[in-house]
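Coordinates in review
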2 protein chains.
Amino acid sequence: VSVVCVLGAGRMGTAICTPLLDNGHEIRLVGTHLDGAYIGAMRSNGVHPGLLHALPPGATYHEVGELPEAMNGADAVLIGVSSAGIAWAAQALAGLIKPGTPLLFITKGLEWDGSELRIEPDAFLDGIPEPVRSTLKPVGVTGPCIAGELIRRVDTCVAFASRDKAAREQWAGMAANSYYNVWPSADVVGCEAASALKNSFSIATGFAAGRLEAQGAAAGGSAEISGVAAHNYEAAVFAESVVEMGGLVQLMGGRLETVNGLVGIGDLNVTAHARSARFGRLLGRGLSVDEAVEQMAGATLEGLAAIRTVGRALAAWDARGRTKPGQFPLMRHLVEVAGGARVNVPFGSFFGDQA
Amino acid sequence: VSVVCVLGAGRMGTAICTPLLDNGHEIRLVGTHLDGAYIGAMRSNGVHPGLLHALPPGATYHEVGELPEAMNGADAVLIGVSSAGIAWAAQALAGLIKPGTPLLFITKGLEWDGSELRIEPDAFLDGIPEPVRSTLKPVGVTGPCIAGELIRRVDTCVAFASRDKAAREQWAGMAANSYYNVWPSADVVGCEAASALKNSFSIATGFAAGRLEAQGAAAGGSAEISGVAAHNYEAAVFAESVVEMGGLVQLMGGRLETVNGLVGIGDLNVTAHARSARFGRLLGRGLSVDEAVEQMAGATLEGLAAIRTVGRALAAWDARGRTKPGQFPLMRHLVEVAGGARVNVPFGSFFGDQA
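Residues numbered from 1 in each chain as written. Chains lettered and ligands numbered in written order. Predicted model: local features only at pLDDT ≥ 70, side-chain atom pairs only at ≥ 80, totals over all residues. Heavy atoms only, no water.

**Regarding the sheet that holds strand β10 (residues 139-142) of chain A**
Picture the strands of a sheet paired through backbone hydrogen bonds; they go either parallel or antiparallel. Residues and elements named next belong to chain A. Here 8 strands make up an open sheet; going across it, the order is β5-β2-β1-β6-β7-β10-β11-β12 and the pairing mixed. Where the open sheet ends on each side, the last strands, each with one partner, are β5 (59-62) and β12 (180-185). Taking the axes of each pair of neighbouring strands and ignoring which way they run, one obtains an average angle of 25 degrees across the sheet. The sheet contact formed by strand β6 (residues 76-79) and strand β7 (residues 103-105) spans 3 bridges and is parallel. Paired with Ile 79 across the strands is Phe 105, a residue of β7. (Pairing = 2+ DSSP bridges. Helix = DSSP H or I, 4+ residues; strand = E, 2+ residues; numbered from the N terminus. Axes fitted to C-alpha atoms, helices over the stretch in contact; angles between N-to-C directions.)

**Quick word on helix α17 (residues 329-338) of chain A**
Most of α17 of chain A is tucked away, with 8 of its 10 residues classed as buried. Downstream of α17 of chain A by a residue or two, Gly 340 of chain A has a phi angle that is positive, lying close to 120 degrees. (Buried < 20%, exposed > 50% of the residue type's maximum accessible area, 1.4 Å probe, protein only.)

**Points about the pattern of salt bridges**
A complete count under the given rule lists 32 salt bridges over all chains for this structure. For Asp 22 of chain A, the salt bridge identified is with Arg 153 of chain A, shortest N-O distance 2.6 Å. Residue Asp 22 of chain A is found in helix α2 (residues 17-22), and its partner Arg 153 of chain A is found in the loop between α7 (147-150) and β11 (156-161); the two are separated by 131 residues along the sequence. Overall, the relative accessible area of 33% leaves Asp 22 of chain A in the partly exposed class. Between Asp 318 of chain B and Arg 332 of chain B there is a salt bridge, and its shortest N-O distance comes to 2.7 Å. Placement of the pair is Asp 318 of chain B in helix α16 (residues 302-319) and Arg 332 of chain B in helix α17 (residues 329-338), with a sequence separation of 14 residues. (Salt bridge = Lys/Arg side-chain N within 4 Å of Asp/Glu carboxyl O.)

**Quick word on helix α3 (residues 36-45) of chain B**
Residues and elements named next belong to chain B. Within the sequence span of α3, burial applies to Ile 39, Ala 41 and Met 42. The arc that holds every buried residue of α3, seen down its axis, measures 165 degrees, which confines them to one face. Facing away from the buried side of α3 by more than 90 degrees, the exposed set consists of Ala 37, Ser 44 and Asn 45. In this structure, the buried side of α3 is in contact with α1 (11-15), β2 (26-30), β3 (47-48) and β5 (59-62). Where α3 ends, the next residue or the one after it, Gly 46, has phi of about 85 degrees, a positive value. (Arc of directions from axis to C-beta. Contact = heavy atoms within 4.5 Å.)

**Describing the relation of the copies chain A and chain B**
Taken as rigid bodies, chain A and chain B are interconverted by a rotation of 180 degrees and an axial shift of 0.0 Å, the fit giving an RMSD of 0.0 Å. A rotation of that kind, with that shift, is consistent with a two-fold axis. For chain A, the smallest separation between a C-alpha atom and the rotation axis is recorded for Asn 260 of chain A, amounting to 3.2 Å. In this assembly the copies share their binding face: 100% of the residues contributing to the interface of chain A also contribute to that of chain B. (Least-squares fit on C-alpha atoms with pLDDT ≥ 70 in both.)

**Brief notes about the interface of chain A and chain B**
Residue-level contacts link 50 residues of chain A with 50 residues of chain B. The tally of links between chain A and chain B comes to 2 salt bridges. Note that Arg 211 of chain B is salt-bridged to Asp 155 of chain A, the shortest N-O span being 3.4 Å. At the surface where chain A touches chain B, the tally comes to 18 residue pairs in polar contact (both at pLDDT 80 or more). (Polar contact = N/O pair within 3.5 Å; in protein donor to acceptor, adjacent residues only side chain to side chain.)

**With respect to the environment of Val 81 of chain B**
Along the polypeptide, Val 81 of chain B turns up in the loop between β6 (76-79) and α5 (86-94). With relative accessibility at 7%, the residue Val 81 of chain B sits in the buried group.

**Some remarks on the environment of Gly 348 of chain A**
Mapping Gly 348 of chain A onto the fold places it in the segment after α17. Residue Gly 348 of chain A is classed as exposed on the basis of its relative accessible area, which comes to 65%. The spatial distance from the C-alpha of Gly 348 of chain A to the C-alpha of Gly 24 of chain A is 54 Å, given a sequence separation of 324 residues. Beyond its immediate chain neighbours, meaning those up to four positions away, Gly 348 of chain A contacts Asn 181 and Trp 183 of chain B.

**Observations concerning the confidence of the model for chain A**
Low pLDDT means the predicted coordinates in that region are not meant to be read closely. Of the residues in chain A, 96% reach a pLDDT of 70 or more, and the chain-wide mean stands at 94. Under a pLDDT of 50 for its full length, residues 222-226 of chain A has, in the predicted model, 10 contacts with residues more than four places off or in other chains. (pLDDT = per-residue confidence, 0-100.)

**Overview of the packing of helix α11 (residues 231-252) of chain A against α17 of chain A**
Residue and element names in this part refer to chain A. For the pair α11 and α17, interaxial distance at closest approach is 8 Å and the crossing angle is 100 degrees. Taken together, the axes of α11 and α17 are roughly perpendicular relative to one another. Each of Val 237, Glu 240, Ser 241, Glu 244 and Leu 248 in α11 lies in contact with α17, whose residues at this interface are Pro 329, Leu 330 and Met 331. For the contact of α11 with α17, a count of residues per class yields 5 nonpolar, 1 polar and 2 charged. (Parallel < 35°, antiparallel > 145°, perpendicular 65-115°, else oblique. Nonpolar A, V, L, I, M, F, W, Y, C, P; charged D, E, K, R; others polar.)

**Description of the side chain of His 25 of chain A**
Residues and elements named next belong to chain A. As for its placement among the helices and strands, His 25 is situated in the loop between α2 and β2 (26-30). Only 3.0 Å separates the side chain of His 25 from the backbone nitrogen of Ser 2, close enough to count as a polar contact. Reaching out from His 25, the side chain makes a polar contact with the backbone oxygen of Met 174 at a distance of 3.2 Å.

If you want it as structure tokens, here you go:
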């Protein structure tokens, strides 16, 4: 039984405490400066306002200023901030984290360092000074998991990825139980990159629904034309997304098998129900990226950020011959759309010579 | 411009005439003895009763007894019957089809010959006597395509698979246009096997919705518990389905890349909206296979037939060491469910050692 300090009380940071608590661990859930209302609500009645559900007993709730006390005596740390908060989280924890502390990550994103795309756990470690940095063996939680389902104990399958075998197996042992199935994975680059990229590609899988809404509106009708949807369009985009995720992950040094399994395909499937797909639906309806961002009312759009990051990488890689302009037609279209172009999916460029 | 005789006026047999007609070909659409009502309706007002939509001009409609006249002068033949009708179709056409006639197949299914699983185009050819048989080069239509969308010209991507390069390219040239994107594929076994298997696995992807309905009913509530679905459960089943489709297709001699692209992943994605997923939903709710079949009111369940066929293959392959009992845990569970067992997805057996 461990004492786990969780930094970030958003939906996923909170939901993942459920299996840890059910397994008998003690949780100290610390909100960021953005999570004050969540912490206040959970302190008063236990219910997370974003999840409309309470955690099991065994958790205490803390404002961001109480992080030093929450870290005092903690055996393990879980990073639950958004990708925009990674540098802040490293700074906040740098003086508090002890050498060798087990470290679990739920943050998803990509960073462009001017030459290569990097994954979030590595970006976090950049902010931790030596001699502690090299003693930390971060483990990333990847795979299909909607927070509102995990807190309600819906059967869930995920992968815990780390270069360090002992680290990934330790966290898997702490978290896994009858409803939370955990596979340790050595392919940390593949798992983290696929998890970040799926947020981008799920924007594209949302296009079909929006395009149909626009056609229905143009015809003066309802969202669906004669009760018929655009699943053919969506399925082709879904399949091309998996193919391009595979190519990008391999360019970053990850494994194709990771994309073609739980972490890639499974997570892209579940993300069809998440906000990036709703954002894509707005774009498919014909809104510009600025109009669509405005309609999302301040929601964090990590998929959009990742599109722009990959766009920078592709431009640099094209210039040095690492990629060719004909590769990744869907991601390149997403980059154009993120830059202001209207949606016009290039189906004819998909799948290379043989589907 | 060709004269195409289409045998089978079901939804897909009819819908695929749309791009052929838009490309200027002449269609003679011949119903089977099951399609009499469809032919009658299309003759009277053009609208297909299952699709609620009419074909473009250029088609004539024929009862099954008029097949000889419809075949007279036809340049090409399209087989649009269900898998149960393949032997009948071969018999009906055996005396009518000329050597070397281009032949397109939309039928999906698997046949067990006591030693190996076989694909439908090969089973069809068994029913055509020599010397014609060896002159026919069948081409299979595979990939994600809902008929009601194709007839309404929703963007659609498919693969035309044949061992014969000229044959697949000829049909692709006849059918492809601005909304119907066609990739020729040489991997006929991979394309046909994935297309048949996806009907089986989509029964499993339907379990999640039914399980949730059952829980809601048990709690005295509505179909969804607190507005939360079981997408995590569904996504894990979807991912394992793709992994197992890949393994089975490779055992049959097909390519893994075919599964991990448009034909496998794309088609499994779209089939989540088709009747096999609705059938799986009934099973997930707790109904036995017999109860669920009864509720489907006579719908053709090719996915259930394919489960039973694969079950026979796995039993035989296990006995001779070609497969191991620990492989394909989801398909084996489907075989149990088809035999009367209740749904209880073995998540812990999924994904092997590394997800």
